[in-house]
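# Descriptive analysis of the structure
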Amino acid sequence: MDKNQVTGLVLISLLLFIYIYFFAPKPSQTPAVQESAESIDSVSRAGTVKDNIAQISVKNDSIVSGLSGDYAKLFSGIEKEIRISTRDAVYTFSTRGGSIKDVTLNDYLTYTKEPLHLIDAGSSRIGEIISTRQGAFDLNNFIYRCSMGDRKVNERDTLSVEFIAEISPGKFIRRTYRVPGGGFKLIQKTDLSGIQADLTDKPVEFIWDANIRNSEKDLKTSQMKTTINYYTSAGEFEDLKEASTEREEETAEGPVSWMAFKQKFFSNAIIAHKPFIQASFLTEIVSDPEIVKHTYFKGTQNVDDYQQGYVYYFGPNNYQILKKVAPGFSKNIYLGWPPVIWVNTFLIIPIFNWLENYISNYGIIIIILVLIVKIILLPLSYKSYISMAKTKVLKPELDAIKAEHGGDMQKAQAAQMKLYQQVGINPLSGCIPLLLQMPILFSMFYFFPNSIELRQEAFLWAEDLSTYDSIINLPFAIPFYGSHVSLFTILMTASTILYTWSTSQMTTVTGPMKTMQYIMPVMFMFILNSFPAALSFYYFVSNIITFGQQDLIRRFVNEDKIRLILEENKKKNATKKKSRFQERLEEAMKASEEARKKQKK
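What you see is a predicted model; the values in this text were computed from it and never measured. (Residues numbered from 1 in each chain as written. Predicted model: local features only at pLDDT ≥ 70, side-chain atom pairs only at ≥ 80, totals over all residues. Heavy atoms only, no water.)

## Observations concerning empty space enclosed by the protein
Tallied over the entire structure, the rule returns 7 cavities of 30 Å³ or more. Of the pockets and cavities examined, the second largest cavity occupies roughly 110 Å³. Forming the boundary of the second largest cavity are 13 residues, of which Tyr319, Ile349, Phe447, Ser451 and Glu453 lie nearest the centre. In terms of residue count, helix 6 (residues 340-356) provides more of the lining of the second largest cavity than any other element does, 3 residues in total. Its residues assigned to classes, the lining of the second largest cavity comprises 7 nonpolar, 5 polar and 1 charged. (1 Å grid on protein atoms, 1.4 Å probe; cavity = no way out; pocket = protein on both sides within 12 Å on 5 of 7 lines; lining within 4 Å. Points joined across faces, edges and corners; volume = space filled by probe spheres on them. Helix = DSSP H or I, 4+ residues; strand = E, 2+ residues; numbered from the N terminus. Nonpolar A, V, L, I, M, F, W, Y, C, P; charged D, E, K, R; others polar.)

## Looking at the packing of aromatic side chains
Taken as a whole, this structure holds 42 aromatic pairs when the rule is applied. Between Phe93 and Phe163 the ring centres are 6.2 Å apart and the planes differ by 45 degrees, which places this aromatic pair in the tilted class. With a gap of 70 residues between them, Phe93 in strand 2 (residues 89-94) and Phe163 in strand 8 (residues 158-168) connect regions that are remote in the sequence. In terms of burial, Phe93 and Phe163 fall into one category: buried. Ring centres of Tyr481 and Phe526 lie 5.3 Å apart, and the angle between their planes is 70 degrees; on these two criteria the pair is classed as edge-to-face. Highlighted residues: Tyr481 in the loop between strand 20 (472-478) and strand 21 (482-485) and Phe526 in helix 12 (residues 512-528), separated in sequence by 45 residues. Taking relative accessible area as the criterion, Phe526 reaches 30% and is therefore assigned partly exposed. Grouped by ring-pair contacts, the aromatic residues Phe352, Tyr362, Phe445, Phe447, Phe448, Phe531, Tyr538 and Tyr539 constitute a single cluster. (Phe/Tyr/Trp six-rings, centres within 6.5 Å; stacked < 30°, edge-to-face > 60°. Buried < 20%, exposed > 50% of the residue type's maximum accessible area, 1.4 Å probe, protein only.)

## Things to note about the layout of surface pockets
Here the second largest pocket is characterised by a volume of approximately 440 Å³. Along the walls of the second largest pocket sit 23 residues, with Thr110, His117, Arg213, Asn214 and Ser215 positioned nearest its centre. For the lining of the second largest pocket, the secondary structure elements donating two or more residues are strand 4 (115-119), strand 11 (204-213) and strand 16 (266-276). The greatest single-element share of the lining of the second largest pocket, amounting to 5 residues, is contributed by strand 4. Of the residues contributing to the lining of the second largest pocket, the split by class is 8 nonpolar, 9 polar and 6 charged.

## Details of the pattern of salt bridges
A full pass over the atoms with the stated rule returns 19 salt bridges. Here Glu81 makes a salt bridge to Arg83, at a shortest N to O gap of 3.3 Å. Glu81 sits in the partly exposed class, given a relative accessible area of 31%. For the salt bridge of Glu249 with Arg247, the shortest nitrogen-to-oxygen distance reads 2.8 Å. With a relative accessible area of 37%, Glu249 lands in the partly exposed category. Linked by salt bridges that have partners in common, Glu79, Glu81, Arg83 and Lys101 make up one network. (Salt bridge = Lys/Arg side-chain N within 4 Å of Asp/Glu carboxyl O.)

## As for the packing of helix 7 (residues 362-376) against helix 13 (residues 533-556)
Closest axis-to-axis distance for the helix 7/helix 13 pair is 9 Å, and the angle between their directions is 45 degrees. Considered as vectors, helix 7 and helix 13 are oriented oblique to each other. Crossing angle aside, the handedness with which helix 7 passes helix 13 is right-handed. Contacts between helix 7 and helix 13 pair Gly363, Ile366, Ile367, Leu369, Val370, Leu371, Val373 and Lys374 from the former with Ala534, Phe537, Tyr538, Val541, Ser542, Ile545, Thr546 and Gln549 from the latter. Within the contact of helix 7 with helix 13, the residues separate by chemical class into 11 nonpolar, 4 polar and 1 charged. (Axes fitted to C-alpha atoms, helices over the stretch in contact; angles between N-to-C directions. Parallel < 35°, antiparallel > 145°, perpendicular 65-115°, else oblique. Left-handed = near helix turned anticlockwise from the far one by under 90°. Contact = heavy atoms within 4.5 Å.)

## Regarding the nonpolar core
In this structure, Trp208, Phe281, Tyr312, Phe314, Phe329 and Phe448 are the most contacted members of the largest nonpolar core, which totals 115 residues. At 8 residues, the largest contribution of residues to this core is made by helix 13. Every residue in contact with Phe314, bar those within four places of it in the chain, is listed here: Tyr91, Ile100, Val103, Leu105, Leu118, Ile119, Phe184, Leu186, Trp208, Ser267 and Asn268. Membership of the second largest hydrophobic core comes to 10 residues, among which are Ile386, Leu394, Val557 and Ile562. (Core = buried A, V, L, I, M, F, W, Y, C linked by side-chain atoms within 4.5 Å.)

## Some details on helix 6
Helix geometry: helix 6 is bent most strongly at Ile348, by close to 35 degrees, with proline Pro350 lying one to four residues after it. Buried within helix 6 we find Val340, Val343, Asn344, Thr345, Ile348, Ile349, Ile351, Phe352, Asn353 and Leu355. (Bend = angle between axes of the 7 residues up to and from the residue.)

## Quick word on a nonpolar patch on the surface
Together, Leu460, Trp461, Ile471 and Ile472 give the surface a local cluster of nonpolar side chains, amounting to about 380 Å² of exposed area. Here Ile472 lies in strand 20. Residue classification places Ile472 among the partly exposed positions, given a relative accessible area of 42%. (Patch = residues over 30% accessible without salt bridge, like charges linked within 9 Å, V, L, I, M, F, W, Y side chains within 5 Å. Areas by Shrake-Rupley, 256 points an atom, 1.4 Å probe, with all protein chains shown as cover.)

## Structural notes on the sheet that holds strand 19 (residues 310-316)
With antiparallel pairing, 8 strands are arranged side by side in an open sheet as 8-9-10-19-16-15-12-13. In this open sheet, the two strands that pair with only one neighbour each are strand 8 and strand 13 (237-239). Averaged over neighbouring strand pairs, the angle between their axes works out to 15 degrees when direction is ignored. (Pairing = 2+ DSSP bridges.)

## Some remarks on unusual backbone geometry
For the bond from Pro338 to Pro339, the omega torsion is 0 degrees, close enough to zero to count as cis. Position of Pro339 among the secondary structure elements: in the loop between helix 5 (319-322) and helix 6. We note that Lys113 has phi near 65 degrees; this positive angle belongs to a residue other than glycine. Tracing the sequence through the fold places Lys113 in the loop between strand 3 (99-109) and strand 4. Of note, Gln456 is a non-glycine position whose phi angle comes to about 60 degrees, a positive value.

## Things to note about the sheet that holds strand 11
Reading across the sheet, the 6 strands line up as 6-5-11-18-17-14 and stay open at both edges, with antiparallel pairing between neighbours. Where the open sheet ends on each side, the last strands, each with one partner, are strand 6 (135-138) and strand 14 (248-251). Direction aside, the axes of adjacent strands within the sheet are offset by 10 degrees on average. Of the pairings in the sheet, the one linking strand 11 to strand 18 (residues 291-301) comprises 10 bridges and is antiparallel in character.

By themselves these figures say nothing about function.
As structure tokens, then:
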């Protein structure tokens, strides 16, 4: 590894460090919630979980209380629950509102091994406000009639569940749900044609107020990964700040096609058949340790569009599933910016999913994934090694140049460039292979933290590869490190330092640049200590395989032949005219030297 390679690698590492440390989401202390008069419809957020969703806050005149007349009887009656079981979930409906009261996923558990409820009566409340000549009503406060009992839906079937709110003979509201036997989508349609004569021109208000319950090991990381995402009818994906610890409010600039309460590994979403004309969103961290975040959504539609219905999604953030839900819905999993997202989408995820079909142990899958990636990158690794081998062959001459010019870096660099030109070495040839590998390096920082497939999957001492492994829990917190010790991160750091030492034997780099090579792995040890164990394990295995790969390449590289080739190039280029690049580079160096001399004067 020559000076240019080291410089490129250090700069790349610094960029990676700066991004992760300053721009990636960081855990923070959960602030106590303060009351604020300014909010979206004065959303309630203090008190217990039940207090938060006991009512949906709307404008003071939105709902008429103390009613008399046709609609008054719809507010009283016996509430009945209907449980519909499918292959993937259990949906609990209530005749109070003809609404979804609870969604429990079958194949997932909380970190404490309890049933995973994506929504329940104590954490989620949906309101659908219509305006009539007798006042404004929340359809989810009415008592409906449903003749159906608990059912189980076969995987290939679809069950229709119907709720009727009869106001008077021939005057009714019908709400229908279509429940597929497999998957995580639920279709709702509300028919208001039976009360068409009572409706006004005011739009229907859809309001969803939810406290996201914590189901993961690390509450702070869950808070950093929970937000509201939405997709406009113009095809633009928008989101509220994930890592914010402050109250976040936003109003969409145009019609909204879908909205998702996106968590780290799961999402609750609504996809409108006709876009919401207006939409407002809110997220905030509350003081309840059982709650990840409080989320709120309000959208409006005209009556005809509202009756077209919605599709609900209650399920995992699995890329293969999300991309089939709705246009742009897969963006609920952030896989990085181009070209990183392309690497994840077209390379890493397909390989990972293919390996899942044959291997059940995710630690083994990660090892094989490393091997496949290393094979793909082998040509670049070979070129990088050849570049280092050439530098090693030239080391005596490079050392002689440094000794000749002493501390005059400008003259030493000029002499080095002249030598590179004579022997036919491009000084950037060592950096280019490293740069081409960077998208894969970055892609792992997005792939592993977002892979629900790794959730609660154990390997060796790690009980859950989707979060950090901890072999020691400290009674105190170390600044920038945490209160636990991740063994995979330590192994990754040790192997990186060993690899750095090994490659430094082939370089002429000395001084601060050489020291920086060893500082960077230690810095990343602090950063990655709270990252998923799968990520640290991947880089540890990658380092080990790189050792073997370089040893294998070394067996096929003859340094004596390389020396002969360089000597031949030197003879051929002795009378060769300088390239434009070489001339410009020398002119730039001369100008820099003259400027330095003027400054001294």
